[in-house]
Every structure is written in structure tokens, then in C-alpha cells.
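Secondary and tertiary structure notes
Listed below are the residues making up each chain.
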Amino acid sequence: MKKQGCEIEAIGINYTIYTQKRETTFNFFSRNQHQKCLRGVQELHEVKELEKGNNPKAIRHVLKDVSCRAKSGEILAIVGPSGAGKSTFLEVLAGKIEPQSGSIFVNQKAVDKARFKKISGYVTQKDTLFPLLTVEETLSFSAKLRLKLPAKELSSRVKCLIQELGLEHVAGARIGDDRIRGISGGERRRVSIGVELIHDPRVLILDEPTSGLDSTSALQIIDMLKTMAVTRGRTIILSIHQPCFRIMKLFSSILLLANGTILHHGTIEQLSLRLMLMGLDLPLHVNILEFAIESIDTIQKQNHTLLSQSALMIKNSGKFTLQQLFQESKLIDEEPLSMSMSIHVGNELPSGFANSSLQEIVILTVRFWKIIYRTKELFGCKTLQMLVSGLVLGSIFYNLEDNLVGAQARVGLFAFILTYLLSSTTEALPIFLQEREILMKETSCGSYRVSSYAIANSLVYLPFLLILALLFSTPLYWMVGLNRQFMAFIHFLLLIWLILYTANSVVVCCSALVPNFIIGNSLVCAMMGSCALFSGYFVSKNEIPNYWIVMHYVSLFKYPFEGFLINEFSGSGKCLQYMFGMCLASGEQVLKEEGYGGAESLRKNLLIMVCFILLYRFISYVILRIRCCEGGFKKMLILR
């Protein structure tokens with residue numbers, strides 16, 4: 001049954017960006033985020049000042065007075081050459097970026113941008129999906145996060161959508177990517193569309209949905225969208241570079257852009273007639289849109305002439321309205337704008353999140369665990385690595401003596417364990433970077449809270465890292481012959497667990513900040529190297545210059561290193577040196593000389609390690625919150 005949809009109307013959209021680069025050490029934020037920082041009244045004022053100055057090349061008008069209308073049950077295709085402003089205009093319509101001027105209406109009524117996202121879907125040109133999830137799991141998790149429905153209804157909706165997308169034969173196959181074999185490019189594009197269709201949006205906006213696909217797959221995608229528009233009454237707006245003739249016939253209307261300005265808005269037939277009236281004859285076997293793009297200069301000159309004539313008529317009569325000027329300048333276009341208000345969606349739009357914070361955390365945790373379990377490099381290889389390294393270290397430092405030589409060997413072992421565990425953590429960085437990209441996409445459409453993601457990301461690694469700590473600690477501890485007390489072993493295991501979790505938190509924090517793996521890897525290595533240097537092992541605390549002493553106290557190595565020493569020598573009753581049957585140096589005496597305490601100091605060090613973990617997790621949450629929230633970007637003027 002065809003349901004009533006939405007009519008989208010954009011009037012006078014103008015969008016301008018800076019092209020003059022500002023030198024910065026690191027460009028941590030993406031192009032879209034950079035553009036978000038260039039909005040608002042202050043930016044518009046600066047643009048006007050630049051226009052008045054002597055450097056007009058410092059700005060670029062991406063969109064110039066762009067107006068259009070997309071009707072329910074139809075496909076509006078935005079076409080034009082590269083750099084015409086197609087993607088930018090789609091981002092404006094989807095609420096991703098805010099223009100300097102202009103208005104967007106839904107059924108002739110202004111709608112709040114955040115609430116409009118609830119009834120719309122935006123499919124980016126790049127397929128941002130988890131490669132290790134199956135098609136059905138991807139759509140199922142999207143449904144759970146965006147819909148508040150019973151489990152049976154959610155499952156039924158996912159299956160119906162899979163059938164509608166024509167993905168039944170690959171429902172159980174993994175998505176895959178460049179490294180992991182999975183479904184085809186056309187099927188992956190359908191999944192991306194399905195993720196945005198799961199909440200049954202009235203408006204669907206797609207950026208280059210046929211990009212990178214062969215002609216058959218591209219035709220299938222557009223034909224599927226046409227069917228959805230007609231049968232479900234959806235308003236579909238998409239950008240496309242050069243569609244073939246069969247795809248072109250499926251469009252209800254087109255918006256031809258060039259250099260950010262409108263050359264034509266109407267049907268293909270109207271464009272053909274318009275070109276013919278201009279004296280442009282369509283050659284045989286040439287696509288009308290390709291011919292129009294090749295004839296851009298001629299069309300622009302014609303439009304400029306018509307606008308000049310219209311302006312002259314206004315000057316002479318003074319009675320023409322803006323609407324008449326708009327219609328006059330288009331030569332041949334659609335019917336005049338209707339002022340009837342079919343649906344007042346402003347009060348009907350859903351608001352808030354579909355789930356509570358606890359439900360979001362559970363759903364995201366389950367999704368994270370599936371990804372970790374299926375990531376062989378992280379789960380299988382890391383598990384084997386920790387077990388083997390524990391056995392190797394245990395065999396190297398096997399059954400150390402309880403004397404000064406053995407004590408020195410123990411100290412060296414503890415220092416190596418810290419360096420090894422805290423420095424071999426960057427393998428998870430690509431996973432976090434991929435998750436961040438998907439997080440920004442999902443939170444932008446209101447699927448869940450950033451805080452829920454941060455908590456779920458923190459919880460999911462706790463059992464995994466505990467398993468790794470057990471595999472590493474158990475053979476190492478008893479083979480070396482460390483403190484034989486069982487509670488000492490528990491404390492050692494807890495220290496290893498917290499070390500792994502601290503390293504994980506540092507990587508999460510860096511991945512939230514850096515733009516790519518190379519910079520992230522360099523930053524993590526630099527942090528770990530500096531922490532090792534100022535830990536107190538390579539350079540004692542008393543020998544560190546005063547202007548570097550702060551680094552000693554913020555070192556991630558200091559507190560677990562002290563914890564190892566306290567746990568090994570405090571309360572163990574070990575004597576490290578005898579003379580004439582008397583103990584000259586016990587473990588407790590050595591600790592006191594170095595300024596370390598007993599069990600209370602161990603608890604203090606454990607608490608400080610927990611505080612470091614919470615601090616890095618909180619910083620990563622703040623960074624992600626800034627990245628995902630537009631309000632934060634408006635306050636941060638970050639220019640290239």
C-alpha cells in the first residue's frame with residue numbers, strides 16, 4: 001500500500017568555504033568536520049569581508065542560490081560534472097552541513113533538523129559497514145538500535161527488508177572489504193541502503209549510489225529505488241555523475257548543476273526541449289545528460305541572458321515578484337510551487353532515542369564482541385602470542401634464586417614485561433579507527449548515544465583482556481618462582497590485567513584523536529617510549545632533572561612497576577643476602593631504601609592505574625563527543 005510521504009523544497013541555498021589554507025601542525029579532523037567549523041553568522045561576516053578585500057580567491061562559492069523541489073513517490077536526480085556541488089547540496093538537504101543562507105521545507109513547513117533525521121535516511125558514497133558482520137546481522141543491529149519494537153517484529157522487518165533488497169541469497173554471508181572476502185560491491189551497496197531503510201524513512205538521500213558499480217548492478221540499484229519510491233511513497237533524492245539511458249529513464253526529474261548553480265530543474269523531456277529551443281541539436285547515440293553537460297557553457301550564457309532580460313523588465317515595471325523572476329529565468333520548468341499543506345509533519349516526527357542507555361550498551365557490547373571474536377589478528381593471534389610469550393619468558397627466567405642476583409633478574413623481568421605489554425598494543429588501532437567512522441555515521445542519525453558507545457567499548461574488552469592476562473601470567477609466574485603466596489599471584493594477575501587495559505585505553509584515546517593509522521601508531525609509540533624512559537627503571541627518580549620530574553609521576557610505567565616490586569618483595573620473608581647466617585638485606589629493607597611501602601602502597605598504585613584508565617577513557621569520550629556533535633565544531637575554528 002502506498003503511504004503518504006514528504007515533499008522536500010529547498011530555496012536559495014548558498015554555501016561558501018575558504019580555500020586559503022591556514023598552516024597547522026596536524027590536520028586531525030576530516031573535511032566534513034572542517035566545513036562544519038566554517039558556519040554561522042561570524043563565518044558569513046568573514047566571507048563578506050573577504051569579498052570586499054583584495055583576495056577573492058580566498059573563498060569558493062560551492063552553492064549559489066540553489067532551489068529545487070522533490071515530490072513524494074518520485075526520484076530527483078542531481079547531476080552535473082565533478083565539482084558541481086552535488087554532494088555538498090545533498091549534505092545540506094540531509095542536515096549534515098548548514099548553509100550560510102537559504103531555507104529547507106518539508107511539506108511547506110520548516111522542520112527541526114534533528115527531528116527531520118528521524119524520518120530520513122542518508123546513504124554516503126562510501127560503504128561504511130563492519131566487514132566481519134553478516135548481512136542479516138548488520139541490518140538486525142541497525143534495527144535494534146533505531147527501532148523500539150518486540151524481537152519478533154524486529155526479526156520480521158529485517159527479513160522483509162532483506163527480501164525487498166534482493167539479498168536473500170547472501171543473508172548469512174559476511175560483508176567483507178578489500179582485505180576480507182565477502183559479498184559483491186552491488187550487494188554491499190544494497191546493505192548500506194538497507195541500513196538507512198530499516199526505520200522506514202519517508203525521505204531517502206543517496207550520494208552516488210552507483211559509484212564503482214558495473215552497469216547491470218547500477219541499473220538494479222536505481223530500479224530498486226524506483227520501486228520503493230512508487231510503492232511506498234518515498235521521496236528519493238540522489239546524486240549521479242553520468243547515468244546511462246536506461247537509468248536516466250527511471251528519474252522523475254533532474255537537477256542539473258554546474259559550478260554550484262542550477263542549469264535546469266525539471267524532467268528529461270523538458271531538458272531536451274530546452275536544448276532544442278537553444279538551437280542545440282542532440283547528436284545520434286548520445287545521452288541527453290551527457291550532451292547537456294558538454295553544453296554547459298552555452299546553457300550558462302543563455303541563463304545569464306534571460307536573467308539580464310528579467311532584471312531589465314523588473315526595472316521598467318517594478319511589478320514582478322521573486323516567484324515570477326524565478327519562473328522566468330528557468331524558461332521551461334515545472335508547474336508553479338503549490339502552497340497547499342498536505343501533511344503537517346512537524347509535530348509527528350519522532351524525537352529522542354529508540355532505546356534506553358542500558359539497552360544501547362547491551363546491543364553495542366554484543367556487536368563489539370562478535371567483531372572481536374571474528375578478528376583473527378586480534379583474538380586468535382593475540383591469544384597465542386600471550387601464551388607463547390609467557391612460556392618463553394618463564395623458560396628464560398626459570399626458577400630464579402632468592403638472592404641479590406635473582407632480585408636484579410626479577411627487576412629486569414618486570415621492566416621487560418611492562419615494555420612488552422604496553423608497547424605491543426597498536427594492532428587494535430585499525431579496528432578502533434574503523435569503529436570511529438561508523439560511530440560518527442550512526443550517531444549523526446540518532447541511532448544511539450555516544451556515551452553508550454564509550455561504555456560498551458570499555459566493557460567488551462574486560463573479559464577478553466582478562467583471558468589474555470591469565471594465559472600470560474599463569475605459566476610465567478610459577479615457572480620463574482615469584483612470590484609463592486596465592487594472593488601475591490592474584491595481585492600479579494590483576495596488575496597484568498590493568499596494564500593490558502591501560503594500553504587498550506591509550507589506543508582508544510589516540511584512535512579518537514588521530515586521522516589515520518600512521519599518525520596513531522607514531523603517537524602511541526612516542527607516548528609509550530616516554531613513559532618507559534621516566535618510569536624510574538632506566539633513570540632513577542633522584543637523577544631525573546626537576547623540569548622533567550612531572551613526566552615521572554604521569555608515566556604509565558611507574559605505578560605498575562612499583563606494584564610488581566612491592567608484590568614480590570613485601571611480606572614475602574625473602575632474604576636477599578646472608579653473612580655468617582644472618583640476613584643483611586631482606587626484600588622489605590630494599591623496598592624501604594627505594595622509598596616503596598607495603599600492601600597499602602600496592603593498593604594505592606592499583607587505584608592510580610584505575611584512575612589512568614578512567615582518564616584516558618573519558619578523554620576519548622570527550623573527543624568522540626566533539627567529533628559527533630555539531631555544536632562542538634561550531635565552537636572549534638579548525639581551518640586547514
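Keep in mind that this is a model prediction, so the values were computed, not measured.

Cut-offs and rules
- Residues numbered from 1 in each chain as written.
- Predicted model: local features only at pLDDT ≥ 70, side-chain atom pairs only at ≥ 80, totals over all residues.
- Heavy atoms only, no water.
- UniProt positions renumbered as here; feature names shortened; annotations may be inferred.
- Helix = DSSP H or I, 4+ residues; strand = E, 2+ residues; numbered from the N terminus.
- Phe/Tyr/Trp six-rings, centres within 6.5 Å; stacked < 30°, edge-to-face > 60°.
- Axes fitted to C-alpha atoms, helices over the stretch in contact; angles between N-to-C directions.
- Parallel < 35°, antiparallel > 145°, perpendicular 65-115°, else oblique.
- Left-handed = near helix turned anticlockwise from the far one by under 90°.
- Contact = heavy atoms within 4.5 Å.
- Nonpolar A, V, L, I, M, F, W, Y, C, P; charged D, E, K, R; others polar.
- Salt bridge = Lys/Arg side-chain N within 4 Å of Asp/Glu carboxyl O.
- Buried < 20%, exposed > 50% of the residue type's maximum accessible area, 1.4 Å probe, protein only.
- Expected span 1.5 Å × (residues − 1).

**Some points on the UniProt feature "transmembrane region" (unreviewed entry) in the protein chain**
On the UniProt side, "transmembrane region" (unreviewed entry) is annotated at positions that read residues 379-400, 412-433, 454-480, 486-510, 517-539 and 606-626 here. In residues 454-480, helix accounts for 100% and strand for 0%; the two terminal C-alpha atoms are 38 Å from one another. Across residues 486-510, helical content stands at 100% and strand content at 0%; the span's end C-alpha atoms are separated by 36 Å.

**Details of the packing of aromatic side chains**
Under the defined criterion, the tally for this structure stands at 15 aromatic pairs. By the ring-pair criterion, three or more aromatic residues cluster together here, those being Phe414, Tyr477, Trp478, Phe486, Phe489, Phe492 and Phe564.

**Remarks on the packing of helix 14 (residues 357-374) against helix 18 (residues 450-480)**
Running from N to C, helix 14 and helix 18 cross one another at 45 degrees; their axes reach a closest spacing of 8 Å. Classed by the angle they form, the pair helix 14 and helix 18 counts as oblique. Relative to helix 18, helix 14 is oriented so that their crossing is right-handed. Listed contacts from helix 18 to Ser357, Glu360, Ile361, Leu364, Thr365, Phe368, Trp369 and Ile372 of helix 14 are Ser452, Tyr453, Ile455, Ala456, Asn457, Leu459, Val460, Tyr461 and Phe464. Grouping the constituent residues of the contact of helix 14 with helix 18 by class yields 12 nonpolar, four polar and one charged.

**Regarding the pattern of salt bridges**
Counting across every chain of the model gives 13 salt bridges. With a shortest N-O distance of 2.9 Å, Arg367 and Glu442 are connected by a salt bridge. With a gap of 75 residues between them, Arg367 in helix 14 and Glu442 in helix 17 (residues 429-444) connect regions that are remote in the sequence. Each member of the pair, Arg367 as well as Glu442, is classed as buried. For Glu568, the salt bridge is made with Arg410, and the minimal N-O distance between the two is 3.0 Å. You can see Glu568 sitting in helix 22 (residues 558-569) and its partner Arg410 sitting in helix 16 (residues 404-423), a full 158 residues away along the chain.

**Some remarks on the packing of helix 5 (residues 135-146) against helix 6 (residues 151-165)**
Running from amino to carboxyl end, helix 5 crosses helix 6 at an angle of 130 degrees, the nearest separation of the two axes being 10 Å. By the angle between their directions, the pair helix 5 and helix 6 is classed as oblique. Handedness of the crossing formed by helix 5 with helix 6: right-handed. Residues Glu136, Leu139, Ser140, Ala143 and Lys144 of helix 5 form the contact with helix 6, whose own contacting residues are Leu154, Val158, Lys159, Leu161, Ile162 and Leu165. Along the lines of polarity and charge, the residues of the contact of helix 5 with helix 6 split into seven nonpolar, one polar and three charged.

**Quick word on helix 5**
Taking 1.5 Å as the rise per residue, helix 5 with 12 residues should run 16 Å; its terminal C-alpha atoms sit 17 Å apart, in good agreement. When we look at burial in helix 5, the residues that qualify are Val135, Glu137, Thr138, Leu139, Phe141, Ser142, Ala143, Leu145 and Arg146. If you follow the buried residues of helix 5, they end up packed against strand 5 (120-123), helix 6, helix 7 (185-197) and helix 14.

**Remarks on unusual backbone geometry**
The phi torsion at Asp65 lies on the positive side, around 50 degrees, for a residue other than glycine. Within the secondary structure layout, Asp65 lies in strand 2 (residues 59-70). Residue Asp65 is classed as exposed on the basis of its relative accessible area, which comes to 53%.

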